[in-house]
Amino acid sequence: MATKVTALNWRPQTFSDLVGQGVISTTLQNAIRHDRLHHAYLFAGLRGSGKTSTARIFAKALNCEKGPTPEPCLKCASCKEIRDGNSMDVIEIDAASNNSVDNIRELREMVRYNAARDKNKIYIIDEVHMLSTSAFNALLKTLEEPPPNVFFIMATTELHKIPATILSRSQQFDFKQIPASEIEKRVEEIVKVEKINITKEAIGLIATAAKGSMRDALSLFDQVVAASGEEITVLEVEPILGLVKDIHLVNLMEGVVTDSVERVLTTISELINSGHDLKGVYDSFTSFVRDLIVLKSVTHTSEILVRQYGDPSQFKDILDQVTHADLVRYLNVLVSGEQVFRQASVPQYGLELVLFKMLELKKLQPLETLISDLQSLSFPDQKKNG
Ligand SMILES: [Zn+2]
């Protein structure tokens, strides 16, 4: 049984641990080195791109007993407290739940007092875009005349919601989506240290599924390690990530086009029994139907397909039985049914419902067929001549 790795243990602790944000790390370290610090920083970017981790590392760099230093020691009381989230002088505020003007007034009161022990008082305000307008105005007053030794590090996933007045008083850093290759490298490092037996292909799948978020990659990795035995291969990883094999997609789609409720239902129950997450199944099946449209209508497909498939000839039977218009209607049901699926309290029923709707389509005459039938009835001569 593989050991359990917790994503928590692998949170980056120093600037060099940060994955995929090299430019930002260097800029912040240089600001410390050359004493060119701002009082307000705004970290913007996707969730999981390292904003909060960077904020904590920067806080350590500012408040380390040896600091301000580009390389916090990680050993002093201040570094340790920041790591554990219980520093008196580094205050983390979740703006999502503290977004009122009173919360910010309270904060303005607090910033007037000196740091309890450390060099600086640092406020990390997460999801800062959630502040109310009046709270932003109150915050602005503090940013306009920041007390010495007070720093604000604000983080947001929605930059467009930040007022221009706040933007103009902050130094802004844009956190990019972390490339899968960088996530892969980091997971490989962890695997080495934790002595986990996992194939490179399996790591690749995790890195891709994390969609640019290191945090998601680590928590997926945790799930995979917890659920697997001695050796982890693609076979163990696929169901956990909700990745669905070609054969399952073919079975579902053949069930739909051959009007076989039984085949659809048995495939779904097979997927459930083999531990698949149905949200992943829904996404994979939607991508698959979208890709069938590509395969039906486009000659050079390699760049346009969402998924990589084993052998494209396995789809020939399906493609022979459907028209381009059929596939568009199927995709329409899947895309518009996604909300229904996600809201279903039992995901299995949600998925089944959407597939039943696809089966129903088969029985409905397409509108254009109806119109042309009607036309041939009303204008038999025209039809003959046309
Ligand atoms: Zn330190």
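As the structure is a prediction and not an experimental result, all values here were calculated from the model.

### Points about the sheet that holds strand β5 (residues 171-175)
Reading across the sheet, the 5 strands line up as β2-β3-β4-β1-β5 and stay open at both edges, with parallel pairing between neighbours. Across the chains shown, the open sheet's two edge strands, defined by having one partner strand only, are β2 (90-94) and β5. Adjacent strand axes in the sheet meet at a mean angle of 15°, parallel and antiparallel pairs treated alike. As defined by bridge partners, strand β1 (residues 40-45) adjoins strand β4 (residues 150-156) across 5 bridges and the pair is classed as parallel. Looking at β4, one finds that Leu 42 is bridged to Met 154. On the sheet, helix α2 (residues 51-63) packs against β1, β2, β3 (121-126), β4 and β5 and is oriented at approximately 175° with respect to β3. Running over the sheet, helix α4 (residues 101-110) touches β2, β3 and β4 and is turned about 165° from β3.

### Quick notes on the packing of α4 against helix α5 (residues 133-144)
Interaxial distance between α4 and α5 falls to 8 Å at its minimum, and their mutual angle equals 15°. One way to sum up the angle between α4 and α5 is to call them roughly parallel. For the pair α4 and α5, the crossing hand works out as right-handed. Contact residues: Val 101, Ile 104 and Arg 108 in α4; Ser 134, Ala 135, Ala 138, Leu 139, Lys 141 and Thr 142 in α5.

### A short note on the pattern of salt bridges
One pass over the structure, following the stated rule, counts 17 salt bridges. With a shortest N-O distance of 2.9 Å, Asp 84 and Arg 83 are connected by a salt bridge. Note on Arg 83: relative accessible area 45%, which makes it partly exposed. Residue Lys 200 pairs with Glu 184 through a salt bridge whose shortest N-O separation is 3.7 Å. On the criterion of sequence distance, the pair formed by Lys 200 in helix α8 (residues 200-209) and Glu 184 in helix α7 (residues 180-194) is long-range, its members being 16 residues apart. For Lys 200, a relative accessible area of 52% gives the class exposed. In the salt-bridge network here, residues are joined through shared partners; they are Glu 81, Arg 117 and Asp 118.

What counts as what
Residues numbered from 1 in each chain as written. Predicted model: local features only at pLDDT ≥ 70, side-chain atom pairs only at ≥ 80, totals over all residues. Heavy atoms only, no water. Pairing = 2+ DSSP bridges. Helix = DSSP H or I, 4+ residues; strand = E, 2+ residues; numbered from the N terminus. Axes fitted to C-alpha atoms, helices over the stretch in contact; angles between N-to-C directions. Contact = heavy atoms within 4.5 Å. Parallel < 35°, antiparallel > 145°, perpendicular 65-115°, else oblique. Left-handed = near helix turned anticlockwise from the far one by under 90°. Salt bridge = Lys/Arg side-chain N within 4 Å of Asp/Glu carboxyl O. Buried < 20%, exposed > 50% of the residue type's maximum accessible area, 1.4 Å probe, protein only.

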